[in-house]
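# Secondary and tertiary structure notes
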Amino acid sequence: MNDAAINTLTDAAFADNPTLLQALTRVEEARAAVKVNSAATLPSVDLDASMTRAKSRNTSATSTSTTMLSTSASAGPSLSWEVDLFGRVSESVAAAQNHLDARTADAASSRLTLAADVANGVLYLRACENSRRVWINDISSREKTLALTRLRLDSGFASSVDEARIQSGIATSRTNLATQTDQCSRQVNGLVTLSGEGPDSVRRLVGISSPASDAEPMSLLEAPKATPEIPATVLASHPNIISDEREVAAAWADIAVARADRMPRISLIAVLTGQWIRAGGSSLDFNTWSIGPSLTGPLFDGGAGAANVESAQARYRRATASLQGTLRTTVEDVENALAAQASAAARVQSTREGGIAARTTFQVCDSQWKAGAVSLFELEDSRRQFALAQDAEISARRDQGLAWIALVKATGAAIALPSETISHE
């Protein structure tokens, strides 16, 4: 949208936002899990070392020695490597890589959501500020009418009922202004939470000179005129869909891991140990080595292995259902955003025409009231219609920008950003 406030606040949010930081740490955690599982494909070498000091007492009646001190020590490396006969290790690596893809897509989705929230916040704040200024101008106009009415009252050309009616209208407008001011403050606080910038900085960036300003209405953003074509392939690059699809792939790999856990494991083990023993004044040292395969496998586990397979299959079905739900929701969001964009565009035109007509009507009624041609009731009604028309136009222009942001978010930014490969490959 080429808006400096949105760009600056979005950059600030990307640099320091707790939600985005949490998403990034989950990516780092998943990347570490890939390294852990990948390490199982390589041999592991450990160093085993021990030293013991023992004291023994001889309780035999024929022996004169009562105690003996002994010292023993051993040290040496040991090597082990699992032969991935049934794919347990490789499937564990594949599952970890798919989880990494899913967390990366989740981080991209969090980043897109954060950018959309900032853009929405700027639009809401500017629209709120414009509506607030409508009420300020309305109060100012009513106060001028009240002053003229009091002059007429003093001259005997108006009644106290007219004065009371205007005072009631001013009180209502001031109540509406207080409510609108509170909403604007909440919008500022929301942008402060998202971006980490201070309230004064947010107001300055958005273009609010001061909270009590009654300057001209702020310019609202205009969404791009062209309606993008959205092919079905856009869905394939949506971060939420990528995340769920990778979770499905990871769940499928988990099934293979659970099945492989029920099969025997063949490991190659090699041990080299040096031992030193000293007891009773004599020393003994020797080296030992061993190498060979090791076969382990469950004979009876009470059905735990089969239950693990069933659990993995249930997780896969749940992940598949989640993917289907995400697909449907994404399509619905895109269609809703397109419909909202078309509706907002139509309302911008109609409310603009309505605002012009309401302004003309109010100006004519105001002139006629000053000339005594219409009643105060008609003047106040035209003033109310003018304020409502202004507020409706502000809302329509705001909604047009919000609909465009919703469309960008619903398509995963595919209509605005070049596609990027986020796969671990």
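Reading the values: rules and limits
- Residues numbered from 1 in each chain as written.
- Predicted model: local features only at pLDDT ≥ 70, side-chain atom pairs only at ≥ 80, totals over all residues.
- Heavy atoms only, no water.
- Helix = DSSP H or I, 4+ residues; strand = E, 2+ residues; numbered from the N terminus.
- Rg over C-alpha atoms; globule rule 2.2 N^0.38 Å.
- Buried < 20%, exposed > 50% of the residue type's maximum accessible area, 1.4 Å probe, protein only.
- Contact = heavy atoms within 4.5 Å.
- Lys, Arg positive; Asp, Glu negative; His and termini not counted.
- Charge placed at Lys NZ, Arg CZ, Asp CG, Glu CD.
- Expected span 1.5 Å × (residues − 1).
- Arc of directions from axis to C-beta.
- Polar contact = N/O pair within 3.5 Å; in protein donor to acceptor, adjacent residues only side chain to side chain.
- 1 Å grid on protein atoms, 1.4 Å probe; cavity = no way out; pocket = protein on both sides within 12 Å on 5 of 7 lines; lining within 4 Å.
- Points joined across faces, edges and corners; volume = space filled by probe spheres on them.
- Phe/Tyr/Trp six-rings, centres within 6.5 Å; stacked < 30°, edge-to-face > 60°.
- Disulfide = S-S within 2.5 Å.
- Axes fitted to C-alpha atoms, helices over the stretch in contact; angles between N-to-C directions.
- Parallel < 35°, antiparallel > 145°, perpendicular 65-115°, else oblique.
- Left-handed = near helix turned anticlockwise from the far one by under 90°.
- Nonpolar A, V, L, I, M, F, W, Y, C, P; charged D, E, K, R; others polar.
- Patch = residues over 30% accessible without salt bridge, like charges linked within 9 Å, V, L, I, M, F, W, Y side chains within 5 Å.
- Areas by Shrake-Rupley, 256 points an atom, 1.4 Å probe, with all protein chains shown as cover.
- Salt bridge = Lys/Arg side-chain N within 4 Å of Asp/Glu carboxyl O.

## Observations regarding the overall build of the chain
If you tally the helices and strands in the chain, you get 9 helices and 4 strands. Compactness check: the chain gives a C-alpha radius of gyration of 38 Å against a globular reference of 22 Å for 425 residues, more than 25% above the reference. Across its three principal directions, the C-alpha atoms of the chain cover 140 × 55 × 40 Å. The buried share of the chain, taken over its 425 residues, is 35%. Considering only contacts in the chain between residues 6 or more positions apart, those separated by 24 or more positions represent 81%. Computed over 40 positive and 47 negative side-chain charges, the separation of the two mean positions in the chain equals 4 Å.

## A closer look at helix 1 (residues 4–15)
Between the first and last C-alpha of helix 1 there are 17 Å, a value that for 12 residues agrees with the 16 Å anticipated at 1.5 Å per step. Within helix 1, the full set of buried residues consists of A5, I6, L9, T10, A12 and A13. Angular distribution of buried residues about the axis of helix 1 spans 160°; they occupy a single face of the element. Away from the buried face of helix 1 by more than 90 degrees, exposed residues A4, D11 and A15 are located. Of the surrounding secondary structure, the elements contacted by the buried residues of helix 1 are helix 3 (88–155), helix 4 (160–195) and helix 5 (199–206). If you check the start of helix 1, you find a side-chain oxygen 3.1 Å away from the backbone N of A5, and it comes from D3.

## Focus on empty space enclosed by the protein
Remark: the empty space left among the atoms is shown by a probe the size of a water molecule rolled over them. For the coordinates displayed, the defined rule picks out 1 cavity of 30 Å³ or more. Taken as a whole, the largest cavity holds about 60 Å³ of empty space. Forming the walls of the largest cavity are E82, V83, D84, L85, F86, R88, A260, P264, R265 and I266. Of all the secondary structure elements, the ones that give two or more residues to the lining of the largest cavity are strand 2 (67–83) and strand 3 (265–279).

## Concerning the packing of aromatic side chains
Scanning the model with the defined rule gives 2 aromatic pairs in all. Residues F362 and F386 carry aromatic rings whose centres are separated by 5.8 Å and whose planes lie at 10° to one another, so their mutual orientation is stacked. Taken together, the residues span a long stretch of sequence, with F362 in helix 8 (residues 304–370) and F386 in helix 9 (residues 376–410) at a distance of 24 residues. As far as the burial class goes, F362 and F386 line up, both buried.

## Let's talk about helix 4
Across its 36 residues, helix 4 extends 53 Å between first and last C-alpha, which sits within 8% of the 52 Å expected from 1.5 Å per residue. Of the surrounding elements, those touching the buried residues of helix 4 are helix 1, helix 3, helix 5 and helix 9. Following helix 4 by one or two positions, G196 has its phi on the positive side, about 85°.

## Topic: the state of the cysteines
One pass over the structure, following the stated rule, counts 1 disulfide. A sulfur-sulfur distance of 2.3 Å marks the disulfide that ties C128 to C184. The chirality of the disulfide connecting C128 with C184 is left-handed, given an S-S dihedral of about -110°. Of this pair, C128 sits in helix 3 while C184 sits in helix 4; the two residues are 56 residues apart in sequence, bridging distant segments of the chain. Like C128, the residue C184 is buried in the burial classification.

## What about the packing of helix 1 against helix 3?
For the pair helix 1 and helix 3, the least separation of the axes is 9 Å and the interaxial angle reads 140°. Between helix 1 and helix 3, the angle falls in the class oblique. Considering only the axes of helix 1 and helix 3, their crossing is right-handed. Across the interface between the two elements, A5, I6, L9, T10, A13 and F14 from helix 1 touch R111, L114, A115, V118, A119, V122 and R126 from helix 3. In the contact of helix 1 with helix 3, the residues fall into 10 nonpolar, 1 polar and 2 charged.

## Some words on a nonpolar patch on the surface
On the surface, W81, V83, L85, F86, M263, L268, L272, W289 and I291 cluster together into a nonpolar patch covering about 900 Å² of accessible area. Those elements giving two or more residues to the nonpolar patch turn out to be strand 2, strand 3 and strand 4 (282–296). By the secondary structure assignment, W289 is in strand 4. Look at W289 and you get exposed, because its relative accessible area is 67%.

## Remarks on the packing of helix 3 against helix 8
Packed helices, taken two at a time, are described by their axes: the angle between them and the distance between them. In the contact formed by helix 3 and helix 8, the axes pass within 12 Å of each other and the chain directions differ by 15°. Taken together, helix 3 and helix 8 sit at an angle that is classed as roughly parallel. The two elements helix 3 and helix 8 meet at a crossing, and its hand is left-handed. Residue-level contacts link S141, T145, L148, T149 and R152 of helix 3 to F362, W369 and K370 of helix 8.

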